Amino acid sequence: MKKTCETKEKLLQVGFDLIWDSSYGSVSVDDICKRAGINKGSFYHFFPSKADLVVEAYQEYWKEKRPAMDRIFSPQVPPLERIQGMCRYIYAVQKEKAAQYGHVCGCPYASVGSEIATLDEKIRITSERLMNSSGKYIESAVADAIREGSVTAKDPVAASQTLGSLILGMLVESRVQNDLKILESLESTIMDFLGAKTVSTGII
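Described in the following lines is the structure provided in the data block. Small disclaimer: the values here were computed from a predicted structure and weren't measured.

**Examining the layout of surface pockets**
Empty space within the largest pocket amounts to approximately 670 Å³. Of all the elements in the fold, those that place two or more residues in the lining of the largest pocket are helix 4 (50-72), helix 5 (79-101), helix 6 (108-116), helix 7 (121-148) and helix 8 (156-177). Each residue belonging to the lining of the largest pocket can be placed in one class, and the counts come to 16 nonpolar, 9 polar and 4 charged. Empty space within the second largest pocket amounts to approximately 190 Å³. Lining the second largest pocket we find Q13, F16, W20, Y61, E64, K65, Y89, V93, E96, K97, Q100 and Y101. Ranked by residue count, the leading element in the lining of the second largest pocket is helix 5, at 6 residues. Of the residues that constitute the lining of the second largest pocket, the class distribution is 6 nonpolar, 2 polar and 4 charged.

Here's what the structure looks like:
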């Protein structure tokens, strides 16, 4: 049983690498098996296809990410500090992944999801669902900020959708230019858009 679990974990790790580091189309099942050090029979024992591996890797990544999101967006934290914490978390993750893979990686859901959105519905749906899950955290924080009067934005749904697009756009630009400095202005860009009246300078 332990060996079986280890084999699946190896495959999922390669799935993580595929999501962060590579083009989906550039890596075959043979490549994945070679990287994981297993045979194709073992691959297909766990995953019917490469797309199924990526879908499960997406889900596992969200499980790892969610505790940090719950902490950052705790209702006990003032709403603008939640948004501030999210911006700093995004930058920290991108910095960590850039050090690990040698380049800016961008959004893991959008990178693969946009590449094959019209080719594989399972990946498209999973990308959309998990991106929406992140968006709900933002929407809640914006709604609370509106209620307390700390932003000039009026519609939490519209504002959070625009913020999601802003974040995604800056992540794509940072990946394309391979430049983390682009993300250094993420926090100020978002706060300006929201019309934030006051914001703590403390780091969460």
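Structure's up, so let's keep going.
**Side note on the nonpolar core**
Among the nonpolar cores identified, the biggest contains 63 residues, and F43, I83, M86, I190 and L194 are the most heavily contacted of them. Only helix 1 (2-21), helix 2 (29-36), helix 4, helix 5, helix 6, helix 7, helix 8 and helix 9 (186-194) provide two or more residues apiece to this core. Per element, the largest residue contribution to this core is 11 residues, and it comes from helix 4. Leaving out residues up to four positions away in the same chain, L194 has contacts with I83, V142, V151, T152, A153, A159 and L163.

**Some points on the side chain of T126**
Topologically, T126 is positioned in helix 7. Residue T126 is classed as buried on the basis of its relative accessible area, which comes to 6%. Those residues in contact with T126 that sit more than four places away from it in its chain are V55, Y58 and Q59.

**As for the packing of helix 4 against helix 7**
It is at 10 Å that the axes of helix 4 and helix 7 come closest, and there the two elements cross at 5°. Taken together, the axes of helix 4 and helix 7 are roughly parallel relative to one another. Side by side, helix 4 and helix 7 meet where A51, D52, V54, V55, Y58, Q59, W62, K65, R66, M69 and D70 of the first sit next to K122, I123, T126, S127, R129, L130, S133, S134 and Y137 of the second. Residues of the contact of helix 4 with helix 7, tallied by class, amount to 9 nonpolar, 5 polar and 6 charged.

**Quick word on the pattern of salt bridges**
Summed over the entire model, instances satisfying the criterion amount to 10 salt bridges. Residue E128 is joined to R124 by a salt bridge in which the shortest nitrogen-to-oxygen separation is 3.2 Å. With E128 and R124 both in helix 7, this residue pair falls 4 residues apart, about one helical turn. Judged by relative accessible area, which is 28%, R124 ranks as partly exposed. R147 serves as the salt-bridge partner of D144, at 2.2 Å between the closest nitrogen and oxygen. Residue D144 and its partner R147 are located together in helix 7, separated by 3 residues, close to a single helical turn. Each of the salt bridges in this network shares a partner with another, and the network as a whole consists of R82, D144 and R147.

Reading the values: rules and limits
Residue numbers run consecutively from 1 along every chain, following the written order of its sequence. pLDDT decides what is reported in this predicted model: residues at 70 or higher carry local features, side-chain atom pairs at 80 or more are listed and counted, and totals for whole chains, interfaces and linings draw on all residues regardless. Hydrogens and water molecules were not included; the side-chain quantities draw on all heavy atoms of the structure. The method works on a 1 Å grid over the protein atoms by themselves. A cavity is a set of points holding a 1.4 Å probe that cannot get out, a pocket is an open set with protein on both sides within 12 Å along at least five of seven lines, and residues with an atom within 4 Å of a point line them. Grid points are joined across faces, edges and corners, and a volume is the space filled by probe spheres set on the points. Helix and strand definitions follow DSSP, with helices as H or I runs of at least four residues and strands as E runs of at least two, each counted in order from the N terminus. Three classes are used: nonpolar for Ala, Val, Leu, Ile, Met, Phe, Trp, Tyr, Cys and Pro, charged for Asp, Glu, Lys and Arg, and polar for all others, with Gly counted as polar. Note on terminology: a nonpolar core comprises buried Ala, Val, Leu, Ile, Met, Phe, Trp, Tyr and Cys residues joined through side-chain atoms within 4.5 Å. Summary of the burial criterion: residues with accessible area below 20% of their type's maximum are buried, those above 50% are exposed, and those between are partly exposed, where the area comes from a 1.4 Å probe applied to protein chains only. The contact criterion used is simple: two residues touch if any of their non-hydrogen atoms lie within 4.5 Å. All axes here are fitted lines through C-alpha atoms, helices being fitted over the stretch that makes contact, and every angle between N-to-C directions spans 0 to 180 degrees. What sets the label is the angle itself: under 35 degrees gives roughly parallel, over 145 gives roughly antiparallel, 65 to 115 gives roughly perpendicular, and the rest give oblique. When a carboxyl oxygen of Asp or Glu lies within 4 Å of a side-chain nitrogen of Lys or Arg, that pair is called a salt bridge.

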